[in-house]
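Geometric and topological summary
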Amino acid sequence: MDEQRRRHYLAVMGVQNWIPQAVDGVGSKGKATSPEAVVEVSQVLSAEEIPPWIDEVPPVGNERATGSEPDAAIPQGNPVSRLGWDGLSRQVAQCTACDLHAGRQHTVFGVGNREADLMVIGEAPGAEEDRQGEPFVGRAGQLLNAMLGAIGLRREQVYIANILKCRPPGNRDPRPEETLRCAPFLDRQIALVAPRVILTVGRIAAQNLLKSQEAVGRLRGKDAEFEGIPVIVTYHPAYLLRTPAQKARAWQDLQRVRKLLK
Ligand code: URA
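Cut-offs and rules
- Residues numbered from 1 in each chain as written.
- Predicted model: local features only at pLDDT ≥ 70, side-chain atom pairs only at ≥ 80, totals over all residues.
- Heavy atoms only, no water.
- Near = heavy atom within 4 Å.
- Polar contact = N/O pair within 3.5 Å; in protein donor to acceptor, adjacent residues only side chain to side chain.
- Areas by Shrake-Rupley, 256 points an atom, 1.4 Å probe, with all protein chains shown as cover.
- Buried < 20%, exposed > 50% of the residue type's maximum accessible area, 1.4 Å probe, protein only.
- Helix = DSSP H or I, 4+ residues; strand = E, 2+ residues; numbered from the N terminus.
- Arc of directions from axis to C-beta.
- Contact = heavy atoms within 4.5 Å.
- Expected span 1.5 Å × (residues − 1).
- Core = buried A, V, L, I, M, F, W, Y, C linked by side-chain atoms within 4.5 Å.
- Pairing = 2+ DSSP bridges.
- Axes fitted to C-alpha atoms, helices over the stretch in contact; angles between N-to-C directions.

Overview of the site of the ligand
Close to the ligand lie nine residues; E123, A124, F136, N162 and H236 are nearest. In this structure, N162 approaches the ligand through a side-chain N or O atom, which is 2.8 Å from an oxygen atom. Protein contacts shield 100% of the accessible area of the ligand, which totals 240 Å² for the unbound molecule.

Regarding helix α4 (residues 85–94)
All buried positions along α4 are accounted for by W85, G87, L88, Q91 and V92. End-on, the buried residues of α4 take up no more than an arc of 165 degrees, which puts them together on one face. Turned more than 90 degrees off the buried face of α4, the exposed positions are D86, R90 and Q94. Of the surrounding secondary structure, the elements contacted by the buried residues of α4 are β3 (159–162) and α8 (176–193).

With respect to helix α12 (residues 247–261)
The first and last C-alpha atoms of α12 sit 21 Å apart over 15 residues, in line with the 21 Å expected at 1.5 Å per residue. Those residues of α12 that sit buried are K247, A248, A250, W251, Q252, D253, L254, Q255, R256, V257, R258 and L261.

Some points on the environment of F109
Tracing the backbone shows F109 in the loop between α5 (100–103) and β1 (111–112). Along the primary structure F109 and P125 are separated by 16 residues, whereas in three dimensions their C-alpha atoms are 9.6 Å apart. In this structure, F109 is in contact with W85, L88, S89, V92, R114, Y159, A161, K165 and Q189, ignoring residues within four places of it in sequence.

So, the nonpolar core
Residues L118, M119, V120, I121, I190 and I198 are the most contacted members of the largest nonpolar core, which totals 59 residues. Other than its neighbours up to four places away in sequence, L118 contacts L148, L153, V158, Y159, P195, V197, I198, L199, V257 and L261.

So, the sheet that holds β1
Spatial strand order, β1-β3-β2-β4-β6-β5: six strands in an open sheet with mixed pairing. On the outer flanks of this sheet lie β1 and β5 (225–226), each paired with one strand and no other. By the bridge criterion, four bridges tie strand β2 (residues 118–122) to strand β4 (residues 197–201) in an arrangement that is parallel. Counterpart to V120 in the pairing with β4 is L199. Against the sheet, α8 engages β2, β3, β4, β5 and β6 (229–234), with an angle of about 170 degrees to β2. Together, β2, β4 and β6 form the strand contacts of α12, whose direction differs from that of β6 by roughly 165 degrees.

Take a look at the structure:
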């Protein structure tokens, strides 16, 4: 990617003037070393720097920022762990394993390159994703695209999926029984893609994948893995839209991803 394009993506992320040593801001044991020391953040983009779509997209409140008991099991007799892509997407589309199916417009299976080196895992569909049946298509998705662009990746080059395939009402947090019922689908997607690196965005994705109760702020910057695949934890783009000061840390997480993919 040329320098101008990279700078554009960084500007969209709200990160400017990054210092190249930041790539090595991860210590030899994978511990983050004082991100604030190596990354400068522009809190304020000038009007000309902000692409028009930034103002056109709906407010964060309409998206996931980020009930009930399960009423049926994931269909038996054809274990999810042996399904191929077609069977898996069919089972997700037909799933009634928890009550979320009752309120959905669409299941949101996942999108992108099924042979991707990088898999991005989010929380659950928001209103727009539920309408379109595709993950990260709202304002947070536009920031996610810019974040990927900043490390030289187009959305179509990575595989994007969520912890939950159906939208929780009112964008509430997923419930444990819902994540439990849905987990085999994501597990199988990860096995089929077999990415070299996984990037989790937000607390729900990190905690569920890493089976942890820790906050993102404590999980990020550390060595972690899922089934032998390195996992990089970062903040959810919806959170970054509300808290631009954290974009510097997210940028450092992305550089860890880039380094692992090299
Ligand atoms: N937030 C998520 O975590 N996933 C989506 O697909 C959209 C918003």
